[in-house]
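Here is what each chain is made of, one letter per residue.
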Amino acid sequence: MLERVEDFNFNMDKVVEEFESLTKDAERVQKETLKKILEDNASAEYLQNLGLNGRTDPESFKACVPLVTHKDLEPYIYRIVDGDAASILTGKPITTISLSSGTTQGKPKYVPWNDELFETTMQIYQTSFAFRNREYPIKNGKALNFIYSSKQFKTKGGLLAGTATTNVFRNVSYKCGMKALQSQCCSPDEVIFGPDFYQSLYCHLLCGLIFRDEVQLVSSTFAHSIVHSFRTFEQVWEDLCTDIREGVLNSKVTVPSIRTAMSKILKPNPELANLVHKKCVKLSNNWYGLIQEIFPNAKYVYGIMTGSMEPYLKKLRHYAGELPLLTADYGSSEGWIGANVNPKVAPEMATYAVLPQIGYFEFIPLNEIELCIDSQPLGLTEVKVGEEYEIVITNPAGLYRYRLGDVVKVMGFHNSTPELKFIRRSSLLLTINIDKNTEKDLQLAVEAATRLLAEQKLEIVDFTSHVELSKEPGHYVIFFEMSGEGSEELLSECCNCLDKSFVDAGYVSSRKVKMIEALELRVVRSGTFQKILDHYLGLGAAVSQYKTPRCVGPTNTKVLQILSQNVVHNFLSTAFN
Ligand code: AMP
C-alpha cells in the first residue's frame, strides 16, 4: 500500500519512458496482465466454474469465459453485496463496492472495487500528468479542484459502498498521490467530504479565492461540474467577497465541521476582497475569461471534456478565456482505460492511449454488432484505425470480459497501443419505429439548434430528451433550458431544425409517412436541471461523477415530473408538413 508522498515521488521522465516501453510491447504486456489477473483470482468461484483449469493464455480465456453485461453478473455481485465472504469473483474477497453514477443508464450499478483498482487509478493519473507537465509545467501547485465525496454507506452485508470517485478520494494514499502530482486540492478535507453539496461548492470557491495566487490549475472530474461551479460563482461572488473582507464564513454554511475547518484559513483580508470585487464588477458583463482573471497563475483547466461533456465546452471556454482546456483520462467505475498523452490537442479531437498494463481489453467491431454477427472480439493490438468498437474489459477486481457499453473509435496508435476517441454510450437513446438515434445523434441535433440560438446570443444551459408514446404514433420530445428567453419565431425554427437534424434514414422515412409524429421542443424554466441534479444527489449520486441523463425513460417518473412541471413553452415541428 502506498502511504507516503515519497512513495509517489516519481521521476516524470521515467514514467514517460515506462509508458513508451510498455506501449511498444502492448501485446506481450496484455498477455502478462491477463495472466496475472487470472492467477491472482484462480480460486474465484466464477473462474473455477468456467473450466480454465489454470490456463491463462488469451485463447483459452476467450474460449472458456463468456462475454457478459452487468446484468449477467448481478447474481454474483448481489451475493457479495449481501455479505457472502467467499471468493466469488476474486481470489481475495471484495470488501468495497463502487456505485456507478447511473445517470447514463437510469439507475446506479454496484461494481466491485479493490486496492488494485486504486493503484491503476494512480498509474493513469501519473502517466497523463507526466505528459501534461512536459507541456504545461507546474510546481508547488495547488488545484482548485471541485471534488465531492458522496456518502459512503454499509450494504446489507456490511460492505462499504460509495461512488468510485469517493472510493478514490477516501483512500489513505489519495492525498499523497495528488500532492506528488502538484494537484493538491486547496480546500480542506471537511469541504470535500461535507454532507451538503452546495455548502461544499461555496467553500471550494472561497478557498480558491483565498489561495488564488497559488492555484495552478482548475479542475473537476467532469467538465459539467466546472461549468456548474462558475455559474454558481456568478450568483455568489458578492457573498464570497464579504466573507473574505470580514473573515467570517457566510451563515448559509451550517455544517459545523466545515465551519471549523474554514475558520482556520479564512481571515479578514479587505485588500483581497476589494481586488476580487473590482475584477468581478469588470467581468460581470459576460464573465468572459473569469478563470484566467481570478486565478492569474492557473496554467490550464482540467477535467473530462469528451463524450457527453462536449456540450459544456463552449461555456467552459468562455469562462477559461485564453487558458487551455485539457481533457482528463478515460475510465469508468469498472476500471480505467486510457490516458490523455497529447494534452495540447483540443478536447474535440482528443484521444486516449490505452495503458496495456491496467486491464485486459477486447474490442467488438460495431458493424458486427449492428448486423448481429456473432464474432470474436479483437485484441488490443488487432484493432484497425478508423473503425468503431464496443469496449470489453477484464479488470483486477472481478470483471471478466465485461461489456462496458461504450463505443470508441480507433484514431491511431501510440507505439502499438491504440489511441481511442470516445464516441458514445452504445445503447440507443431514441427509437420508436425503425429509427435509431444515439446520444451522439442527439448531441449533433442540439449543436445545430445551438447555432441558431447563438444568433440571438442565447445559450442552452442543459438538455435532455424523451420518447413520448402516450399517443399513437409516438414522437421525440427535446427539453431545453436556456440562458434567456428566445422569441417564438426563433424557438419554432429551433424545433424544426432539431427535427431535420436527425438524419438517420429510419427516422426521416418514419417522419415522412407519419409513423413518427412531429418532434416537440419543450422549453423549461431556469433552474430545472439544477432540480434534476438535486434529485440524483438525493439518491446518493456524487456531483463528481454526475452526467445529465440525455434521455429520460418512461420509468424515470420523478425526473419526468420535474421536467413537465417546469415547461414554459412548447413547440411542434412543421419540418415534415
Ligand atoms: P460511471 O458510470 O459513473 O463510472 O461513468 C463511466 C462512464 O463515463 C464511462 O463508461 C463513459 O461512458 C463516461 N466517461 C468516462 N470517461 C470519459 C471520457 N474521458 N470521455 C468520455 N466519456 C467518459
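If you're wondering where the values come from, they're calculated on a predicted model, not measured in any experiment.

Draft legend 1. Up close: the overall build of the chain. Assigned secondary structure in the chain consists of 22 helices and 21 strands. Relative to the globule expectation of 25 Å for 577 residues, the C-alpha radius of gyration of the chain, 24 Å, shows essentially globular dimensions. Here the C-alpha coordinates of the chain stretch approximately 70 × 65 × 45 Å along the principal axes. Looking at the chain as a whole, 58% of its 577 residues are labelled buried. Taking contacts inside the chain between residues at least 6 apart in sequence as the whole, the part at least 24 apart equals 71%. Split by element, the accessible area of the chain, about 24000 Å² in all, is 51% carbon and sulfur. Both charge centroids of the chain, one from 61 positive and one from 69 negative side chains, sit 3 Å from each other.

Draft legend 2. Region of interest: the side chain of Asn395. Within the secondary structure, Asn395 sits in the loop between strand E15 (388–394) and strand E16 (402–414). By relative accessible area, which is 2% here, Asn395 ends up buried. Here the side chain of Asn395 touches Ala397 through a polar contact of 2.7 Å, landing on its backbone nitrogen. Once you skip the residues sitting within four places of it in the chain, Asn395 turns out to touch Ile37, Leu117 and Glu334.

Draft legend 3. How the structure looks around the UniProt feature "domain: GH3 C-terminal" (unreviewed entry) in the chain. Mapped onto this structure's residue numbering, the UniProt feature "domain: GH3 C-terminal" (unreviewed entry) falls at residues 440–552. In the segment residues 440–552, helix accounts for 42% and strand for 19%; the C-alpha atoms at its two ends are 16 Å apart.

Draft legend 4. A look at the environment of Phe233. Mapped onto the elements of the fold, Phe233 is located in helix H12 (residues 223–246). For Phe233, a relative accessible area of 1% gives the class buried. Between the C-alpha atom of Phe233 and that of Leu206, which follows or precedes it by 27 residues, the distance is 9.6 Å.

Draft legend 5. Looking closely at the state of the cysteines. Applying the stated criterion across every chain, the model contains 0 disulfides. Looking at the unpaired Cys551, the closest cysteine sulfur is the one in Cys495, lying at 17 Å. For Cys551, a relative accessible area of 23% translates into the label partly exposed.

Draft legend 6. Examining helix H21 (residues 528–538) more closely. All of the buried residues along H21 are Thr528, Phe529, Ile532, Leu533, His535, Tyr536 and Leu537. Where the residues of H21 are buried, they touch helix H11 (197–210), H12, strand E18 (460–468), strand E19 (475–482), strand E20 (520–524) and helix H22 (557–565). Looking one or two residues past H21, Gly540 carries a phi angle of roughly 105 degrees, positive in sign.

Draft legend 7. Seen up close, the packing of aromatic side chains. This model, assessed by the stated rule, comprises 23 aromatic pairs. Considering the side-chain rings of Phe19 and Phe131, the 5.4 Å spacing of their centres and the 80 degrees angle between planes classify their relative orientation as edge-to-face. Pair noted here: Phe19 is in helix H2 (residues 12–24) and Phe131 is in helix H7 (residues 115–135), with a separation of 112 residues, a long-range link. Accessibility assignment for this pair places Phe19 and Phe131 in one class, buried. Judged by centre distance (5.8 Å) and plane angle (50 degrees), the ring pair of Phe230 and Tyr319 falls under tilted. With Phe230 in helix H12 and Tyr319 in helix H16 (residues 313–320), this residue pair connects regions lying 89 residues apart in the sequence.

Draft legend 8. Local environment of unusual backbone geometry. At the junction of Glu472 and Pro473, the peptide bond is cis and its omega measures out at -15 degrees in the coordinates. Locating Pro473 in the fold gives a position in the loop between E18 and E19. Residues other than glycine seldom take positive phi values, yet Asn415 does so here, at roughly 55 degrees. In this fold, Asn415 is placed in the loop between E16 and strand E17 (417–425). Judged by its relative accessible area of 35%, Asn415 is partly exposed. Residues other than glycine seldom take positive phi values, yet Lys514 does so here, at roughly 60 degrees.

Conventions and cut-offs
Residues numbered from 1 in each chain as written. Predicted model: local features only at pLDDT ≥ 70, side-chain atom pairs only at ≥ 80, totals over all residues. Heavy atoms only, no water. Helix = DSSP H or I, 4+ residues; strand = E, 2+ residues; numbered from the N terminus. Rg over C-alpha atoms; globule rule 2.2 N^0.38 Å. Buried < 20%, exposed > 50% of the residue type's maximum accessible area, 1.4 Å probe, protein only. Contact = heavy atoms within 4.5 Å. Areas by Shrake-Rupley, 256 points an atom, 1.4 Å probe, with all protein chains shown as cover. Lys, Arg positive; Asp, Glu negative; His and termini not counted. Charge placed at Lys NZ, Arg CZ, Asp CG, Glu CD. Polar contact = N/O pair within 3.5 Å; in protein donor to acceptor, adjacent residues only side chain to side chain. UniProt positions renumbered as here; feature names shortened; annotations may be inferred. Disulfide = S-S within 2.5 Å. Phe/Tyr/Trp six-rings, centres within 6.5 Å; stacked < 30°, edge-to-face > 60°.

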